[in-house]
Amino acid sequence: MKKKLPALLAWLLLSATLFGQYNLMSAPGDLTYTQVADSIFSPISKSQVTTGILYDRVAPFAGLHAFKSTDTSSYLHFFLAYSELYSAAYNNGTMMKAAQIDTLSNAMYYTNNVIPVGVLYYDFNLIDTLAIANNLLYQGSDSLLHDVTGRTGNPFKLKTITVAAALSQDTLDYGTGNITFKYINQLFLTNKGVTISSIYADFGSGNQNLSSGNNVTVFYPTSGKKTIKFTITYSNAQTAIVY
């Protein structure tokens, strides 16, 4: 039977634990998920991880490996997604920490009563789910993954995601009345070397322009969770519609 990743990675982590190579419990001094994954991947050349981010290095709770434009993000998902990209990056020294982003967004909300809008636009790499089946990688007797000599393909896939969300944990369920939103450039996080040319948000009554950085006030006649549709155009002429 063909083994697929990330199911294969989970199996490798389990088998490594059973054979006593790693202790995956969370007691002080134990290895983290990323440290265990890095050890399993250590024999593989990373030269084809062109983005510098290998998502398989983290437990994928945000589901970015399968995230589609029709999926819905949120305050919590946004920060989880960014935290995973940060941890999956081999060199994250130039990336903002999630806590810094949270501090910035909270300052906007609690100081000005404005809900900030954040956008993630990232390329990252994943191990091809059929890398072993297609003879690009193999599992050695050491339970680690190895390159297949003379392979004819790339074991790493490239994925691009856009994630956008209103960043205020106090407004996961909106009340009635006027709610004010604002997009600022500091909350656009990317590794693609582009800027946002325009960003529109549909709060349920048609698109409103957030591009100028002005406050946009929306009246909600009923309380509860709301879905916001974002239409974002980047300086590379790519457009993403996300929720």
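Computed from a predicted model, the values in this text were never measured in an experiment.

Participant: Could you give an account of the overall build of the protein, naming the residues involved and the relevant values?
Facilitator: Helix and strand counts for the protein come out as four helices and 10 strands. Traced from its N-terminal end to its C-terminal end, the protein shows the element sequence α-α-α-α-β-β-β-β-β-β-β-β-β-β. Surface exposure of the protein reaches about 12100 Å², of which carbon and sulfur atoms provide 52%.

Participant: Tell me about the sheet that holds strand E4 (residues 156–166), residues and numbers included.
Facilitator: Across the sheet, four strands lie side by side as E4-E1-E5-E8; this open sheet has mixed pairing. Unpaired on one side and paired on the other, E4 and strand E8 (216–220) mark the two borders of the sheet. Between one strand and the next, the sheet's axes are offset by a mean angle of 30°, whatever the strand orientation. Where strand E1 (residues 115–127) meets E4, 11 bridges bridge the pair, whose relative direction is antiparallel. Note that in E4 the partner of Leu-126 across the bridge is Lys-157. Contacts from helix H4 (residues 98–112) reach E1 and strand E5 (177–190), with the element oriented near 150° to E5.

Participant: Please provide a residue-by-residue account of the side chain of Thr-231, values included.
Facilitator: Take Thr-231: it is sitting in strand E9 (residues 229–234). Take Thr-231: its relative accessible area is 17%, and that puts it in the buried class. Those residues in contact with Thr-231 that lie beyond four places of it in its chain are Ser-198, Ile-199, Tyr-200, Thr-239, Ala-240 and Ile-241.

Participant: Please provide a residue-by-residue account of the sheet that holds strand E7 (residues 207–209), values included.
Facilitator: By way of backbone hydrogen bonds, the strands of a sheet pair with one another, either parallel or antiparallel. Pairing is antiparallel across the open sheet formed by four strands, whose spatial order is E7-E6-E9-E10. Lying at the two open borders of the sheet, with one neighbouring strand each, are E7 and strand E10 (239–242). Ignoring which end each strand starts from, the neighbouring axes of this sheet average 20° apart. Inspection of the sheet shows strand E6 (residues 196–202) paired to E7 by three bridges, in the antiparallel sense. Considered in E7, the bridge of Ala-201 is made with Gln-208.

Participant: Describe the nonpolar core, with residues and values.
Facilitator: If you look at the biggest cluster of nonpolar residues, it comprises 30 residues, and the most contacted ones within it are Leu-64, Tyr-82, Leu-120, Tyr-122 and Phe-124. Contributing elements (two or more residues each) for this core: helix H3 (75–88), H4, E1, E4 and E5. Looking at which element gives the most residues to this core, the answer is H3, with eight residues. Excluding anything up to four places from it in sequence, Phe-124 contacts Thr-51, Ile-53, Tyr-55, Leu-64, His-65, Leu-85, Lys-157, Leu-158, Lys-159 and Ile-161. In this structure, Val-117, Val-119, Ala-166 and Val-242 belong to the second largest nonpolar core, which totals 26 residues.

Participant: Now, about the side chain of Ser-198: what can you tell me, with residues and values included?
Facilitator: Relative to the helices and strands, Ser-198 is located in strand E6. Residue classification places Ser-198 among the buried residues on the basis of a relative accessible area of 17%. Those residues in contact with Ser-198 that sit more than four places away from it in its chain are Ser-211, Thr-231, Ile-232 and Thr-233.

Participant: For helix H2 (residues 33–41), give the residues involved together with the corresponding values.
Facilitator: Those residues of H2 lying buried are Thr-34, Val-36, Ala-37, Ile-40 and Phe-41. All buried residues of H2 fall inside an arc of 160° around its axis, so they share one side.

Participant: For unusual backbone geometry, give the residues involved together with the corresponding values.
Facilitator: Unlike most non-glycine residues, Asn-113 shows phi in positive territory, near 55°. Assessed through its relative accessible area of 54%, Asn-113 is described here as exposed. The backbone of Ala-237 shows a phi angle near 75°, a positive value even though the residue is not glycine.

Participant: Describe H3, listing the residues and the values that go with them.
Facilitator: Helix length check: H3, at 14 residues, gives a terminal C-alpha distance of 20 Å against a target of 20 Å (1.5 Å per residue), a fit within 8%. The element H3 is largely enclosed, with a buried count of 10 among its 14 residues. Buried residues belonging to H3 abut H4, E1, E4 and E5.

Participant: Just give me the short version of the pattern of salt bridges, but keep the residues and values in it.
Facilitator: Under the defined criterion, the tally for this structure stands at five salt bridges. One salt bridge in this structure joins Asp-71 and Lys-68, with 3.7 Å as the shortest N-O distance. Of the charged contacts in the structure, one is a salt bridge between Lys-157 and Asp-128, with a shortest N-O distance of 3.8 Å. Taken as a pair, Lys-157 in strand E4 and Asp-128 in the loop between E1 and strand E2 (137–139) lie far apart in primary sequence, 29 residues in all. The buried category is assigned to Asp-128, whose relative accessible area is 10%.

Definitions and cut-offs
Residues numbered from 1 in each chain as written. Predicted model: local features only at pLDDT ≥ 70, side-chain atom pairs only at ≥ 80, totals over all residues. Heavy atoms only, no water. Helix = DSSP H or I, 4+ residues; strand = E, 2+ residues; numbered from the N terminus. Areas by Shrake-Rupley, 256 points an atom, 1.4 Å probe, with all protein chains shown as cover. Pairing = 2+ DSSP bridges. Axes fitted to C-alpha atoms, helices over the stretch in contact; angles between N-to-C directions. Contact = heavy atoms within 4.5 Å. Buried < 20%, exposed > 50% of the residue type's maximum accessible area, 1.4 Å probe, protein only. Core = buried A, V, L, I, M, F, W, Y, C linked by side-chain atoms within 4.5 Å. Arc of directions from axis to C-beta. Expected span 1.5 Å × (residues − 1). Salt bridge = Lys/Arg side-chain N within 4 Å of Asp/Glu carboxyl O.

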